[in-house]
Amino acid sequence: MITEKPTAAKRIADALNEKGTPVKHEEHGITYYDIVRNGERIRVVPAIGHLYSVAQEGKGWTYPIFQTKWVPSYIANKQSRNTENFIRVISKLSREAKNFISATDFDIEGSQIAYCVLKYACGESSLTRAQRMKFSTLTNRDIIKGFNSLSPTLDWELIEAGRTRHEIDWIYGINLSRAMILSLKKVSGMYKALSTGRVQGPTLAFIAEREKKIRSFVPKPFWTINAVALIDGKKYLLEYSQKKIWIKKEAEKVINECNNRVGAVSQIQTRKTLQKPPVPLDIGTLQSEAYTYFRFTPSRTLRIAEQLYLDALISYPRSGSQKFPPSIDVHAILKSLSNIEEYSQMARELLSKEKLVPTQGKKEDLAHPPIHPTGNLPEKKLKEDNRKIFDLVVRRFLAVFGDPSIRESLKIEITINGHLFHLRGSRILEQGWQKYYSPYIRSEETILPQLKEGQKIELDSIELVDKYTTAPPRYNPKSVLMLMENQHIGTKATRAEIIDTLYSRGYITGERIFMTPLGFSVINILSKYCPKVLSVELTRELEQEMEEIETNRRTRQEVIIDAVEKLTPILKELKLKEKVIGQGLSEALASLRREKSTIGICPICKEGSLTIMHSKKTRKRFIGCSNYWTKKCSFSVPIPQEGDIETTGENCQYCGFPMVRIRRSRKKPWNMCINWQNCPGGKNKIQRGGETQ
Amino acid sequence: MNCIICGVNTNEGSNYCENHLSAYINLKEAYNEWKKAMDITWQEYLKKVIENENTGEWVRELAIHLLNENLE
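The shown structure was predicted, so the numbers you read here are calculated from the model rather than taken from an experiment. (Residues numbered from 1 in each chain as written. Chains lettered and ligands numbered in written order. Predicted model: local features only at pLDDT ≥ 70, side-chain atom pairs only at ≥ 80, totals over all residues.)

**Observations concerning the overall build of chain B**
Now for step 1: For chain B, the count of helices and strands is three helices and zero strands.
Now for step 2: Its C-alpha radius of gyration of 12 Å places chain B within 12% of the 11 Å reference for a compact globule of 72 residues.
Now for step 3: Projected onto its principal axes, the C-alpha coordinates of chain B cover approximately 35 × 20 × 20 Å.
Now for step 4: In chain B, buried positions account for 25% of the 72 residues.
Now for step 5: Partitioning the intrachain contacts of chain B with sequence separation of at least 6 by distance along the chain shows that 34% fall at a separation of at least 24. (Helix = DSSP H or I, 4+ residues; strand = E, 2+ residues; numbered from the N terminus. Rg over C-alpha atoms; globule rule 2.2 N^0.38 Å. Buried ≥ 20, exposed ≤ 12 C-beta atoms within 10 Å, placed from the backbone. Contact = placed C-beta atoms within 7 Å.)

**A closer look at the interface of chain A and chain B**
Now for step 1: Contacts between the two partners involve 14 residues from chain A and, on the opposite side, 19 residues from chain B.
Now for step 2: Counted by class, the side of chain A that touches chain B contains nine nonpolar, two polar and three charged residues. (Nonpolar A, V, L, I, M, F, W, Y, C, P; charged D, E, K, R; others polar.)

**So, helix α1 (residues 6–16) of chain A**
All names here are of chain A.
Now for step 1: Most of α1 is tucked away: eight of the 11 residues are buried.
Now for step 2: Within the span of α1, buried status applies to Ala8, Ala9, Lys10, Arg11, Ile12, Ala13, Ala15 and Leu16.
Now for step 3: The inward-facing, buried residues of α1 abut β1 (2–3), β3 (30–37), β4 (40–46), β7 (100–103), α5 (140–148) and α10 (298–310).

**Observations regarding the sheet that holds strand β11 (residues 262–275) of chain A**
What holds strands together in a sheet is hydrogen bonding between their backbones, with the strands either parallel or antiparallel.
All names here are of chain A.
Now for step 1: Spatial strand order, β9-β10-β13-β12-β11-β14: six strands in a closed barrel with antiparallel pairing. Geometrically, the sheet is characterised by an average inter-axis angle of 40 degrees between neighbouring strands, direction not taken into account.
Now for step 2: Here strand β9 (residues 221–231) runs beside strand β14 (residues 456–468); their pairing, made up of 10 bridges, is antiparallel. Residue pairing for β14: tryptophan 223 is matched across the bridge by aspartate 466. (Pairing = 2+ DSSP bridges. Axes fitted to C-alpha atoms, helices over the stretch in contact; angles between N-to-C directions.)

**What to know about the confidence of the model for chain B**
All names here are of chain B.
Now for step 1: Looking at chain B as a whole, its pLDDT mean stands at 91, while 100% of the residues score no less than 70.
Now for step 2: Mean pLDDT across the elements of chain B ranges from a minimum in helix α3 (residues 57–68), with 94, to a maximum in helix α2 (residues 42–51), with 96.
Now for step 3: Confidence metrics for the complex model read pTM 0.79 and ipTM 0.97. (pLDDT = per-residue confidence, 0-100.)

**What about the sheet that holds strand β18 (residues 609–614) of chain A?**
All names here are of chain A.
Now for step 1: Pairing within the open sheet is antiparallel, and its four strands lie in the order β17-β18-β19-β20. Both edges of this open sheet fall to β17 (598–601) and β20 (636–638), since each of them pairs with a single strand only. This sheet shows a mean twist of 30 degrees between the axes of neighbouring strands, independent of strand direction.
Now for step 2: The sheet contact formed by β17 and β18 spans three bridges and is antiparallel. Each bridged residue has a counterpart across the sheet, and for threonine 598 the counterpart in β18 is threonine 611.

**Quick word on the packing of helix α11 (residues 330–337) of chain A against helix α12 (residues 341–351) of chain A**
All names here are of chain A.
Now for step 1: Relative to each other, α11 and α12 sit at 150 degrees, their axes nearing to 8 Å. By the angle between their axes, α11 is roughly antiparallel relative to α12. In this structure, α11 meets α12 at a crossing whose hand is left-handed. Packed against α11, whose contacting residues are His331, Leu334, Lys335 and Leu337, the element α12 presents Tyr343, Ala347, Leu350 and Leu351 at the interface. (Parallel < 35°, antiparallel > 145°, perpendicular 65-115°, else oblique. Left-handed = near helix turned anticlockwise from the far one by under 90°.)

Structure representation (structure tokens):
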């Protein structure tokens, strides 16, 4: 039995073993288990995600390349060295196996992982002797249920779709990226890891389009009326009926006509609104909520959710469903949650309801239910990040079974010399589902005084406020993820990773996303010389075709041939224009390097700019003033020799010198005052993790 | 030709690159709306646009150039 991860192997072995505890073995650092179920001996062996990857068939670092092969991941990628022992152990153990069970996660990736392990590590003949176990949570109940209803064959549609996706993405990614890298190398002799791909390109194009709108935005003036009423000694802000006044004279006229006048209540309207409970959590919604409330990036949320899934605390997280199937034992989950003090009262309250009917969203995923707690309780104290996501999942689960909340809105119309103002208030009458989900709701109550129609209202003040329109907001990781989802590009499993790649390539930066010169350059070049690569239609078409493999309407061969036919003319065009493309990329990289090495204005001479320089003698780096070369300023300071250094854009609160951020691989970034040798801030001059001490 | 603001290659016959040209078009169009909204001269308008924190980077660079060179 092959599982996707070592933790899953242990959980599955524990759940299925009928006598005592599973017998644990260890070989080359890989732990596997022998269990007995229905009198049969089963050996449960883990993979560690993908053990095989797509690689180039044949040699040569060139393009176009359309011939692919599957190779062990440790050969394709040095960072996957740990996969070697897994392959070795699985391969050896498979020789003793009579039959095989694929017990990886039930999705395209899981099916693909098991398929490759069987085909390449266990031998082609294992494929016809393999069964598929399907489950959505790693609880004992679901594992046993999955085992008792094994599919007699592997899930070939998912496997074919998975293979195709990997191969097409590889073909697009490698060819387009090589086209850019080689263009740059030919022109400048410089190597830089550049990439684009089937999904990466259109995503970056969306971000670039927004950036252009922001950078060429011209604000337009408008005016608002700020009126404050004095009622029973308390001040209340009145809203003018016209929220934005576009002509200044008109706004001034309102002020003149209302100033020193007394108004009167002309109408009071109350309205009760029913707010339905939220829909169940699919992965996109979980990532979006986690970003809103915890500022977790989508990839971080996915990582945490996967840990919680492996701990059997929540269901499979890469679910696209917002509809609970009747097979979920809601009562059992609630009963179990009632053992956690924090949720106890809420769970009991729901259990006392006559009928538990969840809200249902629009999205459907037949393979998995929405993300929900399994009912298993944490065995130890959860890490803070994990606790937050667990809490979000639990509370959302409780909320979808809650009653609607009822809000009363009050709108009071006040007329002042013929001008209409509003006073708005609202309060919750029935909390309903909101009491379960309260930490994740932003709602304010405004209680208004008791007023009667005709009642006089005195103005405390009235003034004109100058305002300007604002540019469209910058994207953030959450809004990019939602955009990709709405545009149907990428999959729920890959979107977060693609956003991370855009950051790691240096195309975008910051939590409020800014395009870098390199990102712009890549987009400008691609849109000028091969706009098809950025076309969302092309990506969407391919996505559609790949989905058709899952439903048996297209074959893998057909889709790959079609993809190659679409890519070939694009690559021909890129080849023809290598020189101009390389030139553009080279200029962008030079500008990026200049920008990155500039720290700020020299605090000593106030003229030169501080840049990262290298000593000719020792080759060590330091920060120095650009006026050093003209002998006008000799300011220089030593800096750490390891890690990336960039300006934080802020000055030290103690001495006013610029602050820099140091990023080292696998370490938390930290901020440092460049005047650290003399900064009066003492211990506080270094602020670890970017947080002020 | 090169853009007189950023030095990037421009389309033939244009003083501005694609980005600064789009900023110029926006700046000219927005002036009509500013004039409708209030009494304002071109120079005053440019000053206000430069000072405004919501102004896009390319527009600001262009407005500074137009103001310094006394250009329309």
